[in-house]
Structure formats: C-alpha cells, structure tokens
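# Report on the structure
One letter stands for each residue in the lines below.
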Amino acid sequence: MGRLVAIVGRPNVGKSTLFNRLTQTRTAIVDDTAGTTRDRQYGKVDWCGKEFSIVDTGGWVVNSEDIFESEINKQVHVAIEEADVIMFVVDATNGVTDLDDHVAEILRRSTKPVILVANKVDTNDWIYNIADFYALGLGEPFPVSASNGHGTGDLLDEVVKDLPQDDTEEDTLEKIPRFAIVGRPNAGKSSIINSFIGEGRNIVTDIAGTTRDSIYTRYNKFGFDFYLVDTAGIRKKAKVNEDIEYYSVIRSIRAIEAADVCILMIDATRGIESQDVSIFSLIQRNKKGLVVCVNKWDLVEDKSQKAIKTMEDAIRARFAPFTDFPIIFGSALTKQRIHKVLETAVEVNENRNRVVPTSQLNTYMQEVIAAYPPPANKGKYVKIKYVTMLKEQVIPTFVFFCNLPQWVKEPYRRYLENKIREKWNFTGSPVSIFMREK
Ligand code: GDP
Ligand code: GDP
C-alpha cells in the first residue's frame, strides 16, 4: 500500500530543493510516462528497495516570507492527517524562528512520526548551529544539505525506519479489482459512495484480521465483486476550508495509490478546473485505470447530444495526450447511470489486464508499420523487426525491437500506441511503448 511522506516547513527553508533532491534519481530512471505533467510537489522515492511517495506541501501555498500562520496551519494539519511520516524542515543558517516554533507546537501534539531536518548544512561549519533546534522538542535534528546532497542518505534511512512496515492488510486482500472514487471537494465523492453502499451496511463486509483502520470496503452485490478504496480523507468532512488545491490533491494520493481503477468525479455544473487536472495527473503518474464520471447531470438543463459532445471534448482536451478513456454522465443524487459507472470501471480493469497474443500482435503491427514506417533520420532508416508484450507488468507494456531505437521519436511511438488502442480495447488504461535494440 502507498506510504506517504510529507515535507512541511516555513517558506525558503529549502523544502522544494529537498523534494527535488530526494525524488530526482527515481524520476530520471523510472518516470518514463511520456507527455504527463511532471509534478513539482509529488514524486516517488525508492530507497534500498523501499518505495514511498513524497509531497512538498509547501509547493501549493504562496511562497513568500510573510506567509500567514493560518496557511501554515492548514499545510501542517493536512500532512498530519494524510501522511505516514512528516519531515519538518528548518534552516540551519537561520536559527529557530517564530513560525518554526508554531509548526513545532502543532507537530508535537500529533502522533505521527516527525523527522526534524536541519537544512543548508552545506559544510561541517554549520553543524554546531543545529543544536538550537533541540529546543523545538522534536528530538535530534538531522543535518542535511539539499543543495549538495550531504546527509540525505542518512535522512532516507531514517524515513524508511519510520514508515509503517506491516503489510497484513495487503496480504489479506482477495485478488479482485480495487476502485477509488477521487475528485475535488464537492464533486460528489461521498454521495456516490453512499449510493453504492446505501444506508444498510449489509452489502459490505469488513476485512478480517487487519490491525489498522481498513481503507478497503468489499462490495459484492448485483454481480459485482470489488474493493472500494475509502480513505479517511474522503470519508471525513474537512475541518478547514477544503477548497484548496493541495488539500484535495494530498487526500487523493492515498486512494489513487491503493486502487487499480480510479473513478474521477467531475462536477458538471463547474466543468474542468485545475484541481481536476492535478488529480488526473496523479492517476496517470501512478499508471492507474481511469473512468471519468461527470456528476450532477441532473442539474444540467441542456442534455442534448451536442452538449454532451462539447463537454466530452473539453475534458479530453484538458487531459490530452491521454484521451482514450470512458466518460459517463450521471448523478449520485438520483442514481442515474451509477450502475454504468461501476460496469465501466470493471471493463477498464479488464482492459488494463488485457493480454494480446504475440503472433496476433506481430501480424497486425507489421501492417501498421509497413503502412507508415518510422521517418528516416539523417539518411538512416529504422527497421522495426518484431514486437512483444511484456508479461507481469502493472500496465499493458509493448516492446518494439529495432536497429536504431534512439531514432524513434515520441510522435511515432504515439502512432504505434494509437494503432494498438484502435485494434485492441485498452480504453481507460495507460499503455507503455518501449523501443529496444536488436
Ligand atoms: P522552500 O520555500 O522551503 O521550498 O525553499 P526552496 O527550496 O525554494 O529554497 C529556498 C532557498 O534556499 C533557495 O535559494 C535555495 O537555493 C536555497 N537552498 C535550499 N537548500 C539549500 C541548501 O541545502 N544549502 C544552501 N546553501 N541553500 C539552499
Ligand atoms: P464530496 O466532497 O466530493 O464528497 O461531495 P459530496 O458527496 O459531499 O457532495 C457535495 C454536494 O453536492 C452535496 O451537497 C451533495 O448533496 C451534492 N451532490 C452530490 N452529487 C450530486 C448530484 O448528482 N446531483 C446533485 N444535484 N447534487 C449532488
């Protein structure tokens, strides 16, 4: 299951520099998802085989010195609520400030593990300054330099030590699909969950043998059998103003990471806004299946085919280049097409697990390549010899073997992907295309 580390602290202590430092290696090697927006605030770290996500909560707030205490309060409270480990960053060249004191006070009251990070310790000359930070009452400060990387290995060792280790819940889960309902505040997430589950809890069964608060609810009725990912963040109503981007984004991370397919709720009366796009980008970066549910359709007067088409085009335009996903217009309130949403999520999960036999794949792709071969580059011709679909991958992954893989550029890869999508049904699922030398 997803493990989440949140970076908090006042502006200019080096949070985003630290975030980049901790996530960059992984980003360079693994994050090959072409065309997706690279988040400045959310990334993955793999340290000694332990994987976790990291968010820079400061990335969402105005980065100025005269930041309001109330902004910091929200930032820290979201981190406490949603993260497994909190990295509290302070500036060793600056000493303890009032705002540091204020953050420390909130953190001391939480039960989550807090790692106090004294940043900007570029040389050992600064190491003596960090003693001041003991006064924050959060234990020993970790000296690091986000700029030059000094101390970050020890810091990661400490993070890994603090992350929850028990995977008992993972182990007790059945091999059935996991769906998450995500979307910005007020899109209708709780309403649709209620309309699935209803008032009676008789159709859902709690998962036995779990130590932590389970986030999975099993749903087996009406021919369906799946887990609904229901995180505390989605279940609980916010105590602070929810209409802040980082709030809904951080709350979505857990659910998205725990799911196979995400049902992204969009409020029909508001259309697509930047928060929807941020959540969409989290779904893409985690390579999860996608169903878009345009909710509150009961409130929309013009339900003509033309209006539907306009809305669909607008959504696909904002999520481009990934456009091959289903969009369902419905209402959590009147339950119109709610069943359809679930059916579609089941289909997307099937698409995400689809296997194309090698011979079929090659016969068809040879035609596709012959019809439009890769463009020659500086007089060199790319010859694609054959293609295979890799086994045991998280998403459908195709490897094309050719003489000059480095010459095959993004537009041609996209052409191949589109042809694969036209021929076999991968709707709602990401698809990976790789070129390898042969
Ligand atoms: P944030 O507002 O907390 O995200 O801080 P930033 O990451 O934007 O950094 C604020 C300033 O501190 C920038 O000018 C950084 O270059 C600088 N900075 C960050 N980390 C270090 C560090 O380890 N050493 C030094 N000397 N400067 C740093
Ligand atoms: P959440 O914040 O995403 O969980 O959104 P809620 O489920 O709490 O819904 C926010 C508001 O929108 C509530 O007042 C709901 O009653 C209302 N709402 C949700 N779905 C629909 C819908 O399909 N139609 C209408 N008319 N209202 C809805």
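Scoring rules and cut-offs
Residues numbered from 1 in each chain as written. Chains lettered and ligands numbered in written order. Predicted model: local features only at pLDDT ≥ 70, side-chain atom pairs only at ≥ 80, totals over all residues. Helix = DSSP H or I, 4+ residues; strand = E, 2+ residues; numbered from the N terminus. Expected span 1.5 Å × (residues − 1). Buried ≥ 20, exposed ≤ 12 C-beta atoms within 10 Å, placed from the backbone. pLDDT = per-residue confidence, 0-100. Contact = placed C-beta atoms within 7 Å. Near = placed C-beta within 6 Å. Axes fitted to C-alpha atoms, helices over the stretch in contact; angles between N-to-C directions. Left-handed = near helix turned anticlockwise from the far one by under 90°. Pairing = 2+ DSSP bridges. Right-handed = clockwise from strand over helix to strand, strands pointing away.

As annotated in an unreviewed UniProt entry, the protein chain carries the name Ribosome biogenesis GTPase Der and is attributed to Muribaculum caecicola.

Because the α-helix completes a turn every 3.6 residues, residues three or four places apart line up on one side. Over its 14 residues, helix α2 (residues 69-82) runs 20 Å from end to end, which matches the ideal 20 Å to within 8%, given 1.5 Å per residue. Residues I72, K74, Q75, V76, V78, A79 and E82 constitute the buried set of α2.

Once that is clear, we can look at the confidence of the model for the protein chain. In the predicted model, the protein chain carries a mean pLDDT of 85, and the fraction of residues at 70 or more is 84%. pLDDT under 50 marks residues 26-38. Its contacts with residues more than four places away, or in other chains, come to 14 contacts. A low-confidence stretch, residues 236-241 (pLDDT under 50), is modelled with two contacts involving residues beyond four sequence positions or located in other chains.

Close to ligand 1 lie 16 residues; G14, K15, S16, T17 and S147 are nearest. Residue contributions to the shell around ligand 1 peak at three residues, all from helix α1 (residues 15-30).

So, on to the packing of α2 against helix α3 (residues 98-108). For any two helices packed against each other, the geometry is given by the interaxial angle and the distance between the axes. Interaxial distance between α2 and α3 falls to 10 Å at its minimum, and their mutual angle equals 35 degrees. In this structure, α2 crosses over α3, and the sense of that crossing is right-handed. Where α2 abuts α3, its residues E69, I72, N73 and V76 lie against L99, H102, V103, I106 and L107.

It is worth spelling out the sheet that holds strand β15 (residues 397-402) at this point. Across the sheet, three strands lie side by side as β14-β15-β16; this open sheet has mixed pairing. One side of each edge strand has no neighbouring strand; the edge strands of this open sheet are β14 (384-389) and β16 (432-437). Across this sheet, the average inter-strand angle for adjacent strands is 25 degrees, counted without regard to direction. For β14 and β15, the ladder comprises five bridges, and the chain directions are antiparallel. Note that in β15 the partner of V387 across the bridge is F400.

Most of strand β7 (residues 178-183) sits inside the fold, with six of its six residues counted as buried. One ladder, built from three bridges, connects β7 with strand β10 (residues 226-229); its direction is parallel. Residue pairing across strands places R178 opposite Y227, the latter belonging to β10. Alignment of β7 against strand β11 (residues 261-267), held across five bridges, turns out to be parallel. For G183, the partnering residue across the bridge sits in β11 and is M265.

Where burial is concerned, most of strand β5 (residues 114-119) is hidden: six out of the six residues are buried. Relative to β5, strand β4 (residues 85-91) is paired through six bridges, and the arrangement is parallel. Pairing of F88 across the sheet is with L116, part of β5. Handedness of the β-α-β unit built from β4, α3 and β5 comes out right-handed.

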